[in-house]
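Each chain, written out:
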Amino acid sequence: MKQQLTGPQPRIVAIANQKGGVGKTTTAVNVAGELARRGQRVLLVDIDPQGNATTSLGIAKASLTVTTYDLLLGNASPETLPLATGRERLDLIPADQELAGAAVELVGVERREWRLHDGLVPLLPRYDWIIIDCPPSLGLLTLNALCAANAVLIPLQCEYLALEGLAQLKTTLERVRESLNPTLRILGVVMTMYDGRTNLAQQVVDEVQRYFPRLICRTLIPRSVRLSEAPSHGRLAYEYDPHGRGAQAYALLTEEVIGREERTV
Ligand code: ATP
Ligand code: MG
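All of the points below concern the structure found in this document.

Reading the values: the criteria
- Residues numbered from 1 in each chain as written.
- Chains lettered and ligands numbered in written order.
- Predicted model: local features only at pLDDT ≥ 70, side-chain atom pairs only at ≥ 80, totals over all residues.
- Heavy atoms only, no water.
- Near = heavy atom within 4 Å.
- Polar contact = N/O pair within 3.5 Å; in protein donor to acceptor, adjacent residues only side chain to side chain.
- Areas by Shrake-Rupley, 256 points an atom, 1.4 Å probe, with all protein chains shown as cover.
- Helix = DSSP H or I, 4+ residues; strand = E, 2+ residues; numbered from the N terminus.
- Nonpolar A, V, L, I, M, F, W, Y, C, P; charged D, E, K, R; others polar.
- Salt bridge = Lys/Arg side-chain N within 4 Å of Asp/Glu carboxyl O.
- Buried < 20%, exposed > 50% of the residue type's maximum accessible area, 1.4 Å probe, protein only.
- Expected span 1.5 Å × (residues − 1).
- Arc of directions from axis to C-beta.
- Contact = heavy atoms within 4.5 Å.
- Phe/Tyr/Trp six-rings, centres within 6.5 Å; stacked < 30°, edge-to-face > 60°.
- Lys NZ or Arg CZ within 6 Å of the ring centre and 35° of its normal.
- Axes fitted to C-alpha atoms, helices over the stretch in contact; angles between N-to-C directions.
- Pairing = 2+ DSSP bridges.

**Thoughts on the site of ligand 1**
Part 1: Around ligand 1 there are 18 residues in total, and K24, T25, T26, P222 and S224 lie nearest to it.
Part 2: One of the backbone N or O atoms of G23 is found 3.0 Å from an oxygen atom in ligand 1.
Part 3: Q50 places a side-chain nitrogen or oxygen 3.2 Å from an oxygen atom of ligand 1.
Part 4: Across the complex, the protein chains shield 80% of the 620 Å² of accessible surface that ligand 1 would expose by itself.
Part 5: Secondary-structure elements contributing two or more residues to the shell around ligand 1 are α1 (24–37) and α9 (225–229).
Part 6: Taken together, the residues of the shell around ligand 1 break down into six nonpolar, eight polar and four charged.

**Here we look at the pattern of salt bridges**
Part 1: What the rule picks out here adds up to 14 salt bridges.
Part 2: In this structure, R37 engages E34 in a salt bridge whose closest nitrogen and oxygen atoms are separated by 3.3 Å. With R37 and E34 both in helix α1 and three residues apart, this pair spans about one turn of that helix.
Part 3: Given the relative accessible area of 46%, R37 is considered partly exposed.
Part 4: Residues joined in a network through salt bridges with shared partners are E34, R37, R38 and E255.

**Notes on unusual backbone geometry**
Part 1: At R89, a residue that is not glycine, the phi angle is positive and equals roughly 65°.
Part 2: Along the polypeptide, R89 turns up in the loop between β3 (83–87) and β4 (90–93).
Part 3: Overall, R89 belongs to the partly exposed group, its relative accessible area being 35%.
Part 4: At M193, a residue that is not glycine, the phi angle is positive and equals roughly 55°.
Part 5: On the secondary structure map, M193 appears in the loop between β7 (185–192) and α8 (199–211).
Part 6: Residue class for M193 comes out partly exposed when judged on its relative accessible area of 23%.

**Points about α8**
Part 1: Between its terminal C-alpha atoms α8 stretches 18 Å, which fits the 18 Å expected from 13 residues at 1.5 Å a residue.
Part 2: Of all the positions in α8, only A201, V204, V205 and V208 are classed as buried. End-on, the buried residues of α8 take up no more than an arc of 100°, which puts them together on one face. Away from the buried face of α8 by more than 90 degrees, exposed residues N199 and R210 are located.
Part 3: Those residues of α8 that are buried are in contact with β6 (151–157), α7 (162–179) and β7.

**Remarks on the packing of aromatic side chains**
Part 1: The final tally for this structure, using the stated rule, is zero aromatic pairs.
Part 2: Against the face of Y238 rests R37, its NZ or CZ located 4.1 Å from the ring centre.

**Comments concerning the packing of α7 against α8**
In a pair of packed helices, the angle between the axes and the distance between the axes together describe the arrangement.
Part 1: Interhelical geometry of α7 versus α8 gives an angle of 35° and a closest axis separation of 10 Å. Counting all contacts with α7, which are made through A162, L163 and L166, the residues of α8 involved are V204, E207, V208 and Y211.
Part 2: When its residues are assigned to classes, the contact of α7 with α8 shows six nonpolar, no polar and one charged.

**Observations concerning the sheet that holds β3**
Part 1: A sheet is described by the order of its strands in space; here seven strands give the open sequence β3-β4-β2-β5-β1-β6-β7, paired in mixed fashion. With partners counted over all chains shown, the strands left at the sheet margins are β3 and β7, one partner each. Sheet twist, expressed as the mean angle between neighbouring strand axes with direction ignored, is 25°.
Part 2: When β6 meets β7, the two strands line up parallel, connected through seven bridges. Looking at the pairing, I154 lines up with V189 of β7.
Part 3: Each of β6 and β7 is contacted by α7, which is oriented at about 165° to β6, the strand it contacts most.

**Thoughts on α7**
Part 1: Under the 1.5 Å per step criterion, the end-to-end length of α7 is 26 Å for 18 residues, consistent within 8% with the ideal 26 Å.
Part 2: Those residues of α7 that fall on the buried side of the exposure criterion are A162, L163, L166, L169, T172, L173 and V176.
Part 3: Residues of α7 that are buried sit in contact with α6 (140–148), β6, β7 and α8.

This is the structure in structure tokens:
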């Protein structure tokens, strides 16, 4: 069960899809960055042992002393965990390989799906948004994200069989709602790596539009080399290529995310 909380609460959005390489991290870091640019106080939580969100912000994993692992295991006081990222209003709880052990270490621990939620409680007053970058699986780490979150944003790559993966994910989310977190909603499905020159990309978008007209986000994230280059420079899209199509798409997506959240408050 979620803890009962009083006062204004941040919106907590998990960026999830069990499929690997669909644009979860790219979406998490760029939406978090765009929210911060719009004056929102944002905490990005990296709950993937790959630590890609951490690296994408230009933070060296070798420099980390405390991570999401310590939050889940209760090794550190939550207030000490958020790192400044060098960007105004954008903090990060980083992750590294150590987090891979958490799933095993939490077996048998009480409230093991709620460790992230419980750990974030003392931090809630500091932020307007918490964005959680999930690993490509539906294991305990993702479950912790889905229990802590109010909403899920699902990046879906414009490729063959995308719809099949989405159906599977929707079933899982339904189960999480029934058994753990009844207030979890799907914020939207964002189509990523869209290449308007191929028929396949358009067909996939049309199909998702047909089956999930309310879920699909209007903004399509284009396939863009600049978007894929930015993380290796530790930069967000708007920092690396501010006028590029990728940066502009993430700015629009962020407006849409804000609008979708406001409609449901
Ligand atoms: P994982 O499941 O491994 O965590 P992910 O779902 O987080 O992956 P990303 O890391 O965001 O996916 O993206 C996978 C790869 O595709 C990365 O190399 C990333 O830079 C690249 N990429 C993401 N979005 C785009 C895009 N719109 N255009 C081009 N390349 C992209
Ligand atoms: Mg990722």
